[in-house]
Amino acid sequence: MSEPAVYVYGVVNGSSPAAKGAGVATAAPVRMVAGDGFAAVVSDVPADWRTGGRDDLQAHDRVLAALVAQHAVVPMRFGVVMESDDAVRERLLAGHAGELGALFERLDDRVQMSVKAYYVGEALLREVVRRYPQLKRDPESQPERIALGRDVAAAVEEQRALDQDLLLTPLSEPADDVRVEPPAAERQALNLQLLVARPRRAQLDATVTRLATEYGDRFAFRYVGPLPPYSFTELEWDS
Amino acid sequence: MAVATSQNRYAGGPSPSGLADVLDLILDKGLVIDIYLRVSLVGIELLTVDARIVVASVDTYLRFADAVGRLNIDDDGKEGLPELLEGMTSGAAKSKTSGALDAAKEKIEGVLGGGDDDDDDDGKDDRPRRERARPRRAKRREEDDR
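Just so you know, these numbers come straight off a predicted model, no measurement behind them. (Residues numbered from 1 in each chain as written. Chains lettered and ligands numbered in written order. Predicted model: local features only at pLDDT ≥ 70, side-chain atom pairs only at ≥ 80, totals over all residues. Heavy atoms only, no water.)

**Looking at the overall build of chain B**
Summing up its helical and strand segments, chain B has six helices and one strand in all. Written out in order from the N terminus, the α and β elements of chain B read α-β-α-α-α-α-α. Counting across all 146 residues of chain B, residues that qualify as buried make up 48%. Here the contacts in chain B between residues at least 6 apart in sequence split such that 69% fall between residues at least 24 apart. Total accessible area computed for chain B in this model is approximately 7300 Å², and 49% of it derives from carbon and sulfur atoms. (Helix = DSSP H or I, 4+ residues; strand = E, 2+ residues; numbered from the N terminus. Buried < 20%, exposed > 50% of the residue type's maximum accessible area, 1.4 Å probe, protein only. Contact = heavy atoms within 4.5 Å. Areas by Shrake-Rupley, 256 points an atom, 1.4 Å probe, with all protein chains shown as cover.)

**Brief notes about the pairing of strand β3 (residues 38–46) of chain A**
Residues and elements named next belong to chain A. Counting buried residues along β3, seven of its nine residues qualify, which places the element largely inside the surrounding structure. The sheet contact formed by strand β1 (residues 4–13) and β3 spans nine bridges and is antiparallel. Bridge pairing in β3 links asparagine 13 to phenylalanine 38. As paired elements, strand β2 (residues 31–34) and β3 share four bridges and run antiparallel to each other. Considered in β3, the bridge of arginine 31 is made with valine 42. (Pairing = 2+ DSSP bridges.)

**Here's the deal with the sheet that holds strand β8 (residues 188–197) of chain A**
Pairing between the strands of a sheet is mediated by backbone hydrogen bonds and can be parallel or antiparallel. All names here are of chain A. Spatially, β7-β8-β6-β9 is the arrangement adopted by the four strands of the open sheet, whose pairing is antiparallel. Where the open sheet ends on each side, the last strands, each with one partner, are β7 (177–180) and β9 (219–227). Geometrically, the sheet is characterised by an average inter-axis angle of 15 degrees between neighbouring strands, direction not taken into account. In the sheet, strand β6 (residues 110–119) pairs with β9 via seven bridges, with the strands oriented antiparallel. Within the sheet, the bridge partner assigned to lysine 116 lies in β9 and is arginine 222. Along the sheet, helix α3 (residues 97–107) contacts β6, β7 and β8; its crossing angle with β6, the most-contacted strand, is approximately 60 degrees. (Axes fitted to C-alpha atoms, helices over the stretch in contact; angles between N-to-C directions.)

**Considering the packing of helix α5 (residues 142–172) of chain A against helix α6 (residues 201–214) of chain A**
Residue and element names in this part refer to chain A. α6 packs onto α5 with a crossing angle of 150 degrees between their chain directions and a minimal axis gap of 9 Å. Judged on the interaxial angle alone, α6 and α5 are roughly antiparallel. The handedness of the crossing between α5 and α6 is right-handed. For the pair α5 and α6, contact is made by Leu167, Pro170 and Leu171 and by Leu204, Thr207, Val208, Arg210 and Leu211, respectively. For the contact of α5 with α6, the per-class residue count stands at six nonpolar, one polar and one charged. (Parallel < 35°, antiparallel > 145°, perpendicular 65-115°, else oblique. Left-handed = near helix turned anticlockwise from the far one by under 90°. Nonpolar A, V, L, I, M, F, W, Y, C, P; charged D, E, K, R; others polar.)

**Some remarks on the pairing of β6(A)**
Residues and elements named next belong to chain A. Most of β6 sits inside the fold, with nine of its ten residues counted as buried. Note: β6 against β8, nine bridges, orientation antiparallel. Residue tyrosine 118 lies in a different strand from β8, and its bridge partner there is glutamine 188.

The following block contains the structure:
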């Protein structure tokens, strides 16, 4: 039996929230490790733990989702393990107090919202062919087929960039910061992560509703949140 | 299961997140301290790399060419590009033309949907994730460009 190690979910400002629920790995209870001004949300895991199953990912997500509903939280990426509570206190909370303070200033009372837009049916290709009628040609050989496909692919990327701009401008307006992620699927028009102050969420709701109505024939929207601000805490710190 | 799909239509307000909505965020964003202390996640890391590749390959070009061809034929029809635009979310047909994105999705489902068989960790690979990801990405490109 090896010494337990400590899985870290995230950091909260102050020590107020009472963490609860079951953690990753052995479902050990989630608890707080309080430092000076900040507290880490952790649970025990076996030191030789090697993961990666669905249950662990869900546990990580569940713990942070419960926190972000009420509190400002700096989420850790999945899989951060430290050797002890002391290590968490010294190397994370005290060792990076300055950076954490700056992060919380930026994140205070803000949450991440995610807006993804997907092309409906064949909207993307129809638009592309309308813009470039020369794509309506009939290839007569394999090289011509490949050349046509290459032209279509280029036009598709151009169209995607146009549509990103079209949606990005109104969606960004209520946000303090945005990240446009590369499309994760061919039919994805936009993969946008927004950092939004909690009081301005209603404004973003209204904007998404308006866009979904206005462009419903071209895009299907997937609007999700509030999320822990993963996309706005993408830092790698050495201890 | 609903990984990376888009069938949920927007319904008047934000939805609570499902694992599929946050998977890429959990695995690729957020704060990292002491990256060498991250648990070994071999299978999961590979899938995030694969899922991100929207491939520019001969296979993709041929799919696009065929898709536009079909679009021309039934220009006013309702039928369109099932393989190209819906195949990757339907999870139904494993058409030969559905390409690399379907392969990536299957991999995601394999890891997330699987029970114990998703752990292909050999227990000795503790290098940071980015070091491992690069060679595979490069290899994938070479294969696609052939």
